[in-house]
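Understanding the architecture of this molecule
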Amino acid sequence: MSTPEQQRGEKRHGRSNKVNARNVIRRNGHSYHNITPNISTRSDNSRSENNRNGSVSSEKKAARPAAQRDVSRPAMAVLHAAGRRSTRKSRRKGKSSRTARARLYKQGYHRGYDEGVRQGQSSFGLVFEGVSIIIPTYNQREYVLQCVSSIEKHTPAPFEIIVVDNASKDGTAKAMLRKGGMVRVAALDQNRGFAGGVNHGLMMARGRHIIVLNNDTLVTPGWLDNMMTCLASDPKIGVVGPVTNYIGGDQQIEVPYREVEEMWSFAATHNRPDADKHRITDRLVGFCWLFSRELLERVGYLDEGYAVGNFEDDDWIIRVKLAGYQLAVAGDAFIHHFGSVSMKALGEQDFAVVNKDNEQFYSQKWGDPHALVAETSRLAKQQTSGNLSGQQEDRDTSTIDPRQQISTQGSQDPALQFRHSYDFYPEGSFLSDAKGDVFTLTGGRRRKLNIPVPRGISPVQVAKPDLLAIPAGEALISAGEVHSWPIEAQQVHTTSVQGSPHVLAEGSIVAPVDAPEIRYQISGGKRRRFVSVYAAERWGIHSGHMISVSAEQLNSLEEGWPIIAPPQLLNPDL
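Attention in this report is confined to the structure presented alongside it. For every chain, the first residue of the written sequence is number 1, and numbering continues from 1 onward in sequence order. The predicted origin of the model limits local features to residues at a pLDDT of at least 70 and limits the giving and counting of side-chain atom pairs to 80 or more, whereas totals for whole chains, interfaces and linings rest on all residues. Neither water nor hydrogens contribute to the side-chain values; these are computed over all heavy atoms in the structure.

Re the pattern of salt bridges
A side-chain nitrogen of Lys or Arg and a carboxyl oxygen of Asp or Glu constitute a salt bridge if their distance falls within 4 Å. Considering all chains together, one arrives at 18 salt bridges under this definition. Close ionic contact of glutamate 142 with arginine 141 constitutes a salt bridge, the shortest N to O distance being 3.2 Å. Here glutamate 152 ties to lysine 179 by a salt bridge, and the two come within 3.2 Å at their closest N and O atoms. Of this pair, glutamate 152 sits in helix α4 (residues 141–154) while lysine 179 is found in helix α5 (residues 172–179), placing the two residues 27 residues apart along the sequence. Here's how the labels work: a residue is buried when its accessible area is under 20% of the maximum for its type, exposed when over 50%, partly exposed in between, all with a 1.4 Å probe on protein chains only. Residue classification places glutamate 152 among the partly exposed residues on the basis of a relative accessible area of 37%. One salt-bridge network, held together by shared partners, links Asp303, Asp315, Arg319 and Lys365. Comment: elements are numbered from the N terminus, with helices defined as DSSP H or I runs of at least four residues and strands as E runs of at least two.

Here you go:
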């Protein structure tokens, strides 16, 4: 048994060992003052320890203070625990850092996207002072590669090339994407034919002027400059075409070469600028057209009702002439044309079927197009420069977005009497765009329906540029403001105009007793003839809308602009 003095010494010795234990912890790089009390230790004297020589005598083990042995174990355990906490903290820090980076990336992405949308909206409708060259193609990779290379080599003016690939199977789109530079590529998921391909390119075009070009052509030095000179020579000229070795009509010329290699020297001589070779023509084939963006906004897209190709170019040219423009051939601009490569690929039998079907559609749509153009020109000459038609009097354009008023020099001259496609649409009709917004055409203005479309009204889809070209009027917010279209014959009789029996109700659809296939709309006190039965049907006119009238009643009214069928648009992006 120890004496009280020995017991007090042992207590002092124990406190000294605890201090030494804390010092051990500090020497190992940590400074933990709260030692974990619940870590189990082994304090029996039988536990073996190793020194540098691998063993320690039993006497030294017995002499080692018990308290020192008890503390050294928790110290090591605390070191390991601290290491694990440090590792977990490092992992948490790394994960937190990655999360922060991901969050910053998403924030930057959304800011960049929002800024791109903002800039896109602010630049909508703006164009660059150059030429957009649109090339539709289908399974003709080598031809279109040659065509694009010839453009890049022989076109010094600012330009962009838009290749619209109609779902080719020969790698055309990939080959065009590798070209890079000024080539933009639209790879469609299905073959939309010549009209559909051109329309997609027109939608993408940003140039002040536009060229539609066949893929099986080679342009030559001076081709574009000479065509631009011809276009600028007279503001009445709307579309210019070159001359070539292979085409129909008066654009084909005799050439002395038989091989393409010999063509270049001929073209260099032929393409010397010569305004005497510029001439007005009645028809331009769609293998190469040059026109302004302003003309596109007035005339609109090609009609996609023509399958594959053929006659859609004649259709569009009729609408150009109805708008009041002239056509010209730049005789000093020669390009080489291999000739209907895509159409020949159909085979003789399939080509004949497509050509026949398109010709029938063309005839059904226009009837006698030459007489129609002549009659429209006569009507235009009767109008004064300040009063083009009852629909165009004192038209206020101050509400039109300035970005929609993109015009070439001289196009605002009232003496030119250029017209828009909507001038040939029926009064009171309902129009819709691809998004489903519905408008009614009233007094030469578009009025948006901010209410559900009334039952019985089937809007006709038109292209967005057609709608934007129409001056905007006040939106319709009440069903009471919406008038039915077309007006049923029975409704016209119940709301007949009082007075002379010769007075016909505004908006009514009439037809001569002896010629029921010829239909008119009474609009602005004028008779406006539907150019064909097909045109009337496109606007929803059927026999239940027609009122039979005498020729005397019709002839008593002044004649207004004819009513044409809007082009079919099969591409939902238009």
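Notes on the packing of helix α10 (residues 312–322) against helix α13 (residues 369–382)
Orientation of α10 relative to α13, taken along the N-to-C sense of each, is 15°, at an axis distance of 9 Å. Here α10 lies roughly parallel to α13, going by the angle between them. Between α10 and α13 the crossing geometry is right-handed. Contacts between α10 and α13 pair Ile318, Lys321 and Leu322 from the former with Pro369, Leu372, Val373 and Thr376 from the latter. Residues that form the contact of α10 with α13 fall into these classes: five nonpolar, one polar and one charged. Comment: axis = line fitted to C-alpha atoms, over the contacting stretch for helices; angle = value between 0 and 180 degrees taken between N-to-C directions. What sets the label is the angle itself: under 35 degrees gives roughly parallel, over 145 gives roughly antiparallel, 65 to 115 gives roughly perpendicular, and the rest give oblique. Helix crossings get a hand from a simple test, with the near helix turned counterclockwise from the far one by less than a right angle marking a left-handed crossing and a clockwise turn marking a right-handed one. What makes two residues a contact is simply this: any of their non-hydrogen atoms within 4.5 Å. For this classification, Asp, Glu, Lys and Arg are treated as charged, while Ala, Val, Leu, Ile, Met, Phe, Trp, Tyr, Cys and Pro are nonpolar and the rest, including Gly, are polar.

What about the packing of aromatic side chains?
Ring pairs shown here join Phe, Tyr and Trp side chains whose ring centres sit within 6.5 Å, with only the six-membered ring taken for Trp; geometry is labelled stacked below 30 degrees between planes, edge-to-face above 60, and tilted in between. Inspection of the entire model under this criterion finds 13 aromatic pairs. Among the aromatic residues, those joined into a cluster by ring pairs are Tyr257, Phe266 and Phe334.

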